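# Descriptive analysis of the structure
Each chain, written out:
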Amino acid sequence: MKEPLQQWVSQRARLPGVLACGLRFADKTCFTESWSSDFPVQNLDHAWRCASDAFQVLRLNFFPNERVRWVYEKATLHCACREDGTCLGIFTAKDRGTVDAAEIERVMSEFCALRPDAPGS
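Residues numbered from 1 in each chain as written. Predicted model: local features only at pLDDT ≥ 70, side-chain atom pairs only at ≥ 80, totals over all residues. Heavy atoms only, no water.

## Some thoughts on the side chain of Arg-82
Assignment of secondary structure puts Arg-82 in the loop between strand S4 (75–81) and strand S5 (87–93). A distance of 2.7 Å separates the side chain of Arg-82 from the side chain of Asp-84, its partner in a polar contact. (Helix = DSSP H or I, 4+ residues; strand = E, 2+ residues; numbered from the N terminus. Polar contact = N/O pair within 3.5 Å; in protein donor to acceptor, adjacent residues only side chain to side chain.)

Given below as structure tokens:
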């Protein structure tokens, strides 16, 4: 299941304005890609763990918890978590002119809709 999902992310997340992306699987392993020196893989793996933990806290407290977005000084982190516990994170540039928001939205929606046992998921 991991390899097809990693390929799916690699094919879809390389969009204008995307600085880095990654997956955090339910078994606590990660898949990370970075196209910016400001986002080292080790730091991103830690970010995916923290995002995954945040989804668990949201779920435990009955908050809407399929997707969240964190806005930082220089970047935005878009995250989604599927029912099987797999989380997707995409860091984008904060400058909205460099990011195709509709494409980010499409990738996040498609990720959430993938069945865990489907090819490519």
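## Focus: helix H1 (residues 2–12)
Residues Leu-5, Gln-6, Trp-8 and Val-9 constitute the buried set of H1. One face of H1 carries all of its buried residues, which in axial projection span an arc of 155 degrees. Buried residues along H1 sit against strand S1 (18–24), strand S2 (30–34), S5 and helix H3 (101–113). (Buried < 20%, exposed > 50% of the residue type's maximum accessible area, 1.4 Å probe, protein only. Arc of directions from axis to C-beta. Contact = heavy atoms within 4.5 Å.)

## A look at the sheet that holds S2
The strand order S2-S1-S5-S4-S3 describes an open sheet built from 5 strands, whose pairing is antiparallel. Each edge of the open sheet is held by one strand with a lone partner, namely S2 and strand S3 (67–71). Going from strand to strand, the sheet's axes swing by 10 degrees on average, the running direction of each strand aside. Where S3 lies against S4, 5 bridges are found, and the strand directions are antiparallel. Residue pairing across strands places Val-71 opposite Thr-76, the latter belonging to S4. Along the sheet face, H3 touches S1, S3, S4 and S5 and points at about 175 degrees away from the line of S5. (Pairing = 2+ DSSP bridges. Axes fitted to C-alpha atoms, helices over the stretch in contact; angles between N-to-C directions.)

## Observations regarding the nonpolar core
Membership of the largest hydrophobic core comes to 21 residues, with the highest contact counts inside it found for Trp-8, Val-9, Leu-23, Leu-88, Ile-90 and Phe-111. Elements supplying a minimum of two residues to this core: H1, S1, S5 and H3. Ranked by size, the runner-up nonpolar core spans 15 residues in total, among them Ala-47, Ala-51, Ala-75 and Cys-87. (Core = buried A, V, L, I, M, F, W, Y, C linked by side-chain atoms within 4.5 Å.)

## Re the environment of Val-41
Tracing the chain through its elements places Val-41 in helix H2 (residues 41–60). For Val-41, a relative accessible area of 41% corresponds to the partly exposed category. In sequence terms Val-41 and Gln-7 are 34 residues apart; their C-alpha atoms lie 17 Å from each other.

## Section: the side chain of Arg-24
Summarising the element assignment, Arg-24 is placed in strand S1. At 3.3 Å, the side chain of Arg-24 and the backbone oxygen of Lys-28 are in polar contact. Look past the residues within four positions of Arg-24 in its chain and what remains in contact with it is Thr-29, Cys-30, Trp-48, Arg-49, Ser-52, Gly-85, Thr-86 and Cys-87.

## A closer look at the state of the cysteines
Disulfides are covalent bonds that connect the sulfur atoms of two cysteines. According to the stated counting rule, one finds 0 disulfides in the structure shown. Left without a disulfide partner, Cys-30 is nearest to the cysteine sulfur of Cys-87, which lies 9.6 Å away. Cysteine Cys-112 shares no disulfide, and the gap to the nearest cysteine sulfur, in Cys-81, comes to 8.4 Å. (Disulfide = S-S within 2.5 Å.)

## A short note on the pattern of salt bridges
Scanning the model with the defined rule gives 7 salt bridges in all. Between Glu-110 and Arg-12 there is a salt bridge, with the nearest N and O atoms lying 2.9 Å from each other. Residue Glu-110 is found in helix H3, and its partner Arg-12 is found in helix H1; the two are separated by 98 residues along the sequence. Among the residues examined, Glu-110 registers a relative accessible area of 24% and is labelled partly exposed. Overall, Arg-12 belongs to the partly exposed group, its relative accessible area being 24%. Between Arg-82 and Asp-84 there is a salt bridge, and its shortest N-O distance comes to 2.7 Å. Arg-82 gets classed as buried once you look at its relative accessible area, which sits at 4%. Its relative accessible area of 25% is what places Asp-84 among the partly exposed residues. (Salt bridge = Lys/Arg side-chain N within 4 Å of Asp/Glu carboxyl O.)

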